[in-house]
Amino acid sequence: MTKTVRKLFLAWQHEKEEQWLNQMSASGWQLTHPGLFNYRFEQGPPNQYLYALEYINLSDAKMKDYFAFLEEAGIEIIGQTLNWVYYRKANDGRPFEIFSDLASKTEHMQRLLKIYYIFFVLEGFFFIDNLLELLSGDFGTRHIVMTILFGLITLLFATAIFSVLRQIQRWKRGGMR
Amino acid sequence: MDNIVLTEAFYYILLSLFEPLHGYGIMQKVEEMSKGRLRLAAGTLYGALNSLMAKDWISALPVEDGSRRKVYEITATGKALVQFEIRRLQELLDNGLAVSGGNQDD
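Note that the coordinates shown come from a computational prediction; the quantities given were computed from them, not determined experimentally.

Enquirer: Looking at this structure, I do not really get the interface of chain A and chain B. What am I missing?
Expert: Many structure descriptions define interface size as the accessible area lost when the parts assemble. Each side of the interface is counted separately: chain A has 18 residues, and chain B has 19 residues. Considering only the side of chain A, the residues that lose the most area to chain B are F69, E72 and R94 of chain A, jointly responsible for 42% of the buried surface there. Summed over the shared surface of chain A and chain B, the number is 2 salt bridges. Seen at the junction of chain A and chain B, the total is 11 residue pairs in polar contact (both at pLDDT 80 or more).

Right, here's the structure in full:
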């Protein structure tokens, strides 16, 4: 028996997403197809698999090499969406994670931050550009709409950056090394 | 080599590569040596191995045909680094024992 669940996780909520997938696993639902909003599950023994996510920005050749390495450790790739790779591993009673120390977990987050910073600056530029048009007296609908739109998008990326940085702080404060 | 301080993970990975070993073997060896205290996750290990190769402290051996598994081994530079690190740790240990007397009750 299969079922599809619609859920939205924003990029920086990947740990919550992993927790959710593992909770589904505990209820006997194993992920077969991850998607942007639609997750397909198949009924199976509770806790059969554990799941993890990673944001990957590598060339195809390097990715192949990396996946071959992961396979050695019993890690399977079950899908990819927008540079996010979904892994599963047969549950051996131990927590499943791709990164086990602060340095590598931080490096993983840096991959996201790089993209966020670029977009934040870009969208921020468009926001300010349109805002300046407004402030210089041009109250055309276009500039009002664009100011609001780019303002919101800039805010979104600012939130993303803030969330990731806060996550890293939490790890450090939690004593992770 | 003066100011290089190895993380525990790097130190144990180098130690486990005094004999050629493949990725999963390294994970097991490190866990065994640290009595379960240090468990390297696959992504962390992969990044560490690439770092260590870039510094030429370890090298990847040519793969045997049929086997897709890469095997790694420590280099001469890596071995010298380990020796240096052991001397550093020994100094820390000696001073710690001398000052605190190794006394764990207090």
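Back to the text.
Enquirer: Quick question: what am I supposed to make of the nonpolar core here?
Expert: Most often, soluble globular proteins keep nonpolar side chains buried together rather than apart. Grouped together as the largest cluster of nonpolar side chains are 41 residues, with contacts concentrated most on Y87 of chain A together with I13, L14, L17, I26 and L49 of chain B. Mapped onto this core, the elements with two or more residues apiece are β4 (49–55), α2 (60–72) and β6 (84–90) of chain A together with α1 (8–16), α2 (23–33), α3 (42–54), β3 (71–74) and α4 (76–100) of chain B. Apart from the residues lying within four places of it in its own chain, the contact partners of L14 of chain B are L6, L52, W57, I58, I74, L81 and V82 of chain B. Counting residues in each nonpolar core, the second largest holds 28 residues, with L21, Y39, Y86 and M109 of chain A among its members.

Enquirer: Please explain the sheet that holds strand β1 (residues 21–22) of chain B as it appears in this structure.
Expert: Residue and element names in this part refer to chain B. Strand order in this open sheet of 3 strands is β1-β3-β2, and the pairing throughout is antiparallel. A single partner strand is all that each edge strand has here, and the edge strands are β1 and β2 (58–61). Sheet topology places β2 next to β3; 4 bridges connect them, and they run antiparallel. The residue of β3 that forms the bridge with A60 is Y72. Taken strand by strand, α3 contacts β2 and β3, and its axis lies near 105° from that of β2.

Enquirer: Before we go on, may I ask you to explain the sheet that holds strand β3 (residues 38–43) of chain A in this structure?
Expert: Neighbouring strands of a sheet are bound in pairs by backbone hydrogen bonds; such pairs are parallel or else antiparallel. Residue and element names in this part refer to chain A. With respect to topology, 3 strands assemble into an open sheet ordered β1-β3-β2, the strand pairing being antiparallel. Both outer strands of the open sheet, β1 (2–6) and β2 (29–33), are each paired with one neighbouring strand and no more. Within the sheet, the average angular offset between the axes of one strand and its neighbour, ignoring direction, is 40°. Where β1 meets β3, 5 bridges bridge the pair, whose relative direction is antiparallel. Looking at β3, one finds that K3 is bridged to F41. Those strands touched by helix α1 (residues 14–26) are β1, β2 and β3, and its axis lies near 25° from that of β3.

Enquirer: Hey, could you run me through the environment of E42 of chain A in this one?
Expert: All names here are of chain A. Mapped onto the fold, E42 is located in strand β3. Sequence spacing of E42 and W29 is 13 residues, and the spatial spacing of their C-alpha atoms is 5.5 Å. Once you skip the residues sitting within four places of it in the chain, E42 turns out to touch M1, T2, G28, W29, Q30 and T32.

Enquirer: In this structure, what is going on with the pairing of β6 of chain A? I would like to understand it.
Expert: A regular strand places its side chains so that they alternate between the two faces of the sheet. Residue and element names in this part refer to chain A. β6 sits mainly inside the fold: 5 of its 7 residues count as buried. Sheet topology places β4 next to β6; 7 bridges connect them, and they run antiparallel. Bridge pairing in β6 links Y55 to W84. As defined by bridge partners, strand β5 (residues 75–81) adjoins β6 across 6 bridges and the pair is classed as antiparallel. Pairing of I77 across the sheet is with Y87, part of β6. Counting the residues between successive antiparallel strands, the hairpin from β5 to β6 contains 2 residues, one of them, L82, with a positive phi of roughly 50°.

Enquirer: Sorry, what's going on with the packing of α1 of chain B against α3 of chain B here?
Expert: To describe two helices that pack against each other, one gives the angle between their axes and the distance between the axes. Residues and elements named next belong to chain B. Relative to each other, α1 and α3 sit at 75°, their axes nearing to 11 Å. The angle between α1 and α3 places the two elements in the roughly perpendicular class. Of the residues in α3, those in contact with F10, I13 and L14 of α1 are L45, A48, L49, S51 and L52. The residue makeup of the contact of α1 with α3, split by class, is 7 nonpolar, 1 polar and no charged.

Enquirer: Would you mind showing me how to read α3 of chain B here?
Expert: Each turn of an α-helix holds 3.6 residues, which means side chains three or four residues apart point in the same direction. With 13 residues, α3 of chain B extends 18 Å from end C-alpha to end C-alpha; this agrees with the ideal 18 Å at 1.5 Å per step. Note on α3 of chain B: the residue one or two positions beyond its end, D56 of chain B, has a positive phi of about 65°.

Enquirer: Which parts of the structure should I look at to understand the side chain of T106 of chain A?
Expert: One can find T106 of chain A in helix α3 (residues 102–135). Contact partners of T106 of chain A, with chain neighbours within four places excluded, come to I168 and W171 of chain A.

Each value, and the rule that gives it
Residues numbered from 1 in each chain as written. Chains lettered and ligands numbered in written order. Predicted model: local features only at pLDDT ≥ 70, side-chain atom pairs only at ≥ 80, totals over all residues. Heavy atoms only, no water. Contact = heavy atoms within 4.5 Å. Buried area = accessible area lost by both parts, 1.4 Å probe. Salt bridge = Lys/Arg side-chain N within 4 Å of Asp/Glu carboxyl O. Polar contact = N/O pair within 3.5 Å; in protein donor to acceptor, adjacent residues only side chain to side chain. Core = buried A, V, L, I, M, F, W, Y, C linked by side-chain atoms within 4.5 Å. Buried < 20%, exposed > 50% of the residue type's maximum accessible area, 1.4 Å probe, protein only. Helix = DSSP H or I, 4+ residues; strand = E, 2+ residues; numbered from the N terminus. Pairing = 2+ DSSP bridges. Axes fitted to C-alpha atoms, helices over the stretch in contact; angles between N-to-C directions. Parallel < 35°, antiparallel > 145°, perpendicular 65-115°, else oblique. Nonpolar A, V, L, I, M, F, W, Y, C, P; charged D, E, K, R; others polar. Expected span 1.5 Å × (residues − 1).

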